[in-house]
Amino acid sequence: MSKIKIVTDSSITIEPQVVKDLNITIVPLSVMVDGVLYSDADLKEEGKFLRLMRESQNLPKTSQPPVGVFAEIFDSLAEEADHIIAIHMSHALSGTVEAARQGANLSGASVTVIDSSFTDQAMKFQVVEAARLAKEGADLATILARIEEVRKKSELYIGVSTLENLVKGGRIGRVTGLLSSLLNIRVVMQMKNHELQPIVKGRGAKTFIKWLDNLIENLKTKTVAEIGISYAGTRELADTMKAKLQPVVEKPISVLETGSIIQTHTGEDAFAVLVRYK
């Protein structure tokens, strides 16, 4: 029986106990805040990065892990694994997946690098399913097929109260940003085909609740496997969303603070709703 290890990056939003139980390796990105470089791994305490971002003079800047770090991690894991599957955030959001590919080429390990097409808990869906199968001793082909199946059945929605960070970080078109951020308009976007596509705009927090109510009506017509909610800032809205969404899915909804990588680009008072269908 071959032994397979699962690797991902720190843009994932996931419970620490799940990481431990499934022996998932997380490669941290870095964040520069006013000239000070932090490893994302050191910013996991709830609210820590948000405080840094509030106090910073400039928008923090994120950077992908060096190619050499990936090579070292792959070589280390290869000492006890026959194969490594590295699942990373969409190439549209970061060069991390390409750095992983280059690291795999430098490494002597047997590595399959996958672009998840997502990030946050939508990427978690793929990582957790892969890690569970690996722990059960499934073969490479079975795990890769399951990752693809989960990817196709996942959706990522993100709501932001300002597009300033996304525009400055180059993650969304400047025209959309100028139309919205100057007017303090809330925007809900869907991550689709590696693009953040605006689907709802409106003034005030009621924009988010109205969108959520429409999403719930849509979910009632489908079979939902799991839902995750991530947030930046306070969790009040996330808890409200959880109460509304829980009746459409049997599995308890996980509400988690998203990490520094995502918060840098969404800004404060943002949320994500991640859905996986059966």
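Everything numeric here is computed off the predicted structure, so don't read it as measured data. (Residues numbered from 1 in each chain as written. Predicted model: local features only at pLDDT ≥ 70, side-chain atom pairs only at ≥ 80, totals over all residues. Heavy atoms only, no water.)

S.K.: Any chance you could explain the overall build of the protein here in plain terms?
M.R.: Counting its secondary structure elements, the protein contains eleven helices and 13 strands. Along the longest, intermediate and shortest principal axes, the C-alpha atoms of the protein span 55 × 50 × 30 Å. The buried share of the protein, taken over its 278 residues, is 54%. Counting contacts in the protein only where the partners sit at least 6 residues apart, residues at least 24 apart contribute 73% of the total. Within the structure as shown, the protein displays about 12,800 Å² of accessible surface, and the carbon and sulfur contribution to it stands at 50%. Across the protein, the 33 positively charged side chains and the 34 negatively charged ones have centroids separated by 7 Å. (Helix = DSSP H or I, 4+ residues; strand = E, 2+ residues; numbered from the N terminus. Buried < 20%, exposed > 50% of the residue type's maximum accessible area, 1.4 Å probe, protein only. Contact = heavy atoms within 4.5 Å. Areas by Shrake-Rupley, 256 points an atom, 1.4 Å probe, with all protein chains shown as cover. Lys, Arg positive; Asp, Glu negative; His and termini not counted. Charge placed at Lys NZ, Arg CZ, Asp CG, Glu CD.)

S.K.: Teacher, can you tell me more about the side chain of K124 here?
M.R.: With respect to the helices and strands, K124 occurs in helix 5 (residues 120–136). Leave out the neighbours within four places in its chain, and K124 touches I12, T13, I14, E15, S254 and L256.

S.K.: I tried to follow the packing of helix 9 (residues 206–219) against helix 10 (residues 236–245) on my own but got confused; where do I start?
M.R.: Between two packed helices, the angle of one axis relative to the other and the distance separating the axes together describe the packing. Taken N-terminus to C-terminus, the directions of helix 9 and helix 10 make an angle of 25°; their axes are 10 Å apart at the nearest point. By the angle class used here, helix 9 and helix 10 are roughly parallel. Classified by chirality, the crossing of helix 10 by helix 9 is right-handed. Counting all contacts with helix 9, which are made through F208, I209, W211, L212, D213, I216 and L219, the residues of helix 10 involved are L237, T240, M241, K244 and L245. Residues belonging to the contact of helix 9 with helix 10 are distributed by class as follows: nine nonpolar, one polar and two charged. (Axes fitted to C-alpha atoms, helices over the stretch in contact; angles between N-to-C directions. Parallel < 35°, antiparallel > 145°, perpendicular 65-115°, else oblique. Left-handed = near helix turned anticlockwise from the far one by under 90°. Nonpolar A, V, L, I, M, F, W, Y, C, P; charged D, E, K, R; others polar.)

S.K.: Quick question: what am I supposed to make of helix 5 here?
M.R.: Each α-helix turn comprises 3.6 residues. Residues three or four places apart therefore point the same way. Its 17 residues place the ends of helix 5 24 Å apart at the C-alpha level, agreeing with the 24 Å of an ideal helix rising 1.5 Å per residue. Trailing helix 5 by a residue or two, G137 shows a phi angle of about 90°, which is positive. (Expected span 1.5 Å × (residues − 1).)

S.K.: Please explain empty space enclosed by the protein as it appears in this structure.
M.R.: If you roll a probe as big as a water molecule over the atoms, it shows you where there is empty space left. Under the defined criterion, the tally for this structure stands at one cavity of 30 Å³ or more. Of the voids in this model, the largest cavity is the one considered here, and its volume is about 270 Å³. Around the largest cavity, the lining is made up of 23 residues, and of these L93, T119, I158, I262 and T266 lie nearest the centre. When residues of the lining of the largest cavity are traced back to their parent elements, those giving at least two are strand 8 (154–160), strand 11 (224–232), helix 11 (260–266) and strand 13 (270–277). At four residues, helix 11 tops the list of elements feeding residues into the lining of the largest cavity. Residues of the lining of the largest cavity, tallied by class, amount to 14 nonpolar, seven polar and two charged. When residues of the lining of the largest cavity are assigned to domains, at least three fall in each of domain 1 (4–152) and domain 2 (153–277). (1 Å grid on protein atoms, 1.4 Å probe; cavity = no way out; pocket = protein on both sides within 12 Å on 5 of 7 lines; lining within 4 Å. Points joined across faces, edges and corners; volume = space filled by probe spheres on them. Domains from an automatic or database assignment.)

S.K.: Would you explain the packing of helix 5 against helix 6 (residues 140–152) in this entry?
M.R.: Put simply, helix 5 and helix 6 touch, their axes get as near as 9 Å, and they point 155° apart. One element, helix 5, and the other, helix 6, form an angle in the roughly antiparallel class. With respect to the hand of their crossing, helix 5 and helix 6 are arranged in right-handed fashion. Along the contact surface, helix 5 presents F125, Q126, E129, A130, L133 and A134, while helix 6 presents T142, I143, R146, I147, V150 and R151.

S.K.: Please explain the sheet that holds strand 5 (residues 61–63) as it appears in this structure.
M.R.: Remark on secondary structure: sheet strands pair via backbone hydrogen bonds, oriented parallel or antiparallel. Taking strand neighbours across the sheet as the criterion, the three strands line up as 4-3-5 in an open arrangement whose pairing is antiparallel. Every other strand in the sheet has two partners, leaving strand 4 (36–39) and strand 5 as the edge strands with one partner each. Between one strand axis and the next, the sheet turns by 25° as a mean value, whatever way the strands run. Where strand 3 (residues 30–33) lies against strand 5, three bridges are found, and the strand directions are antiparallel. (Pairing = 2+ DSSP bridges.)

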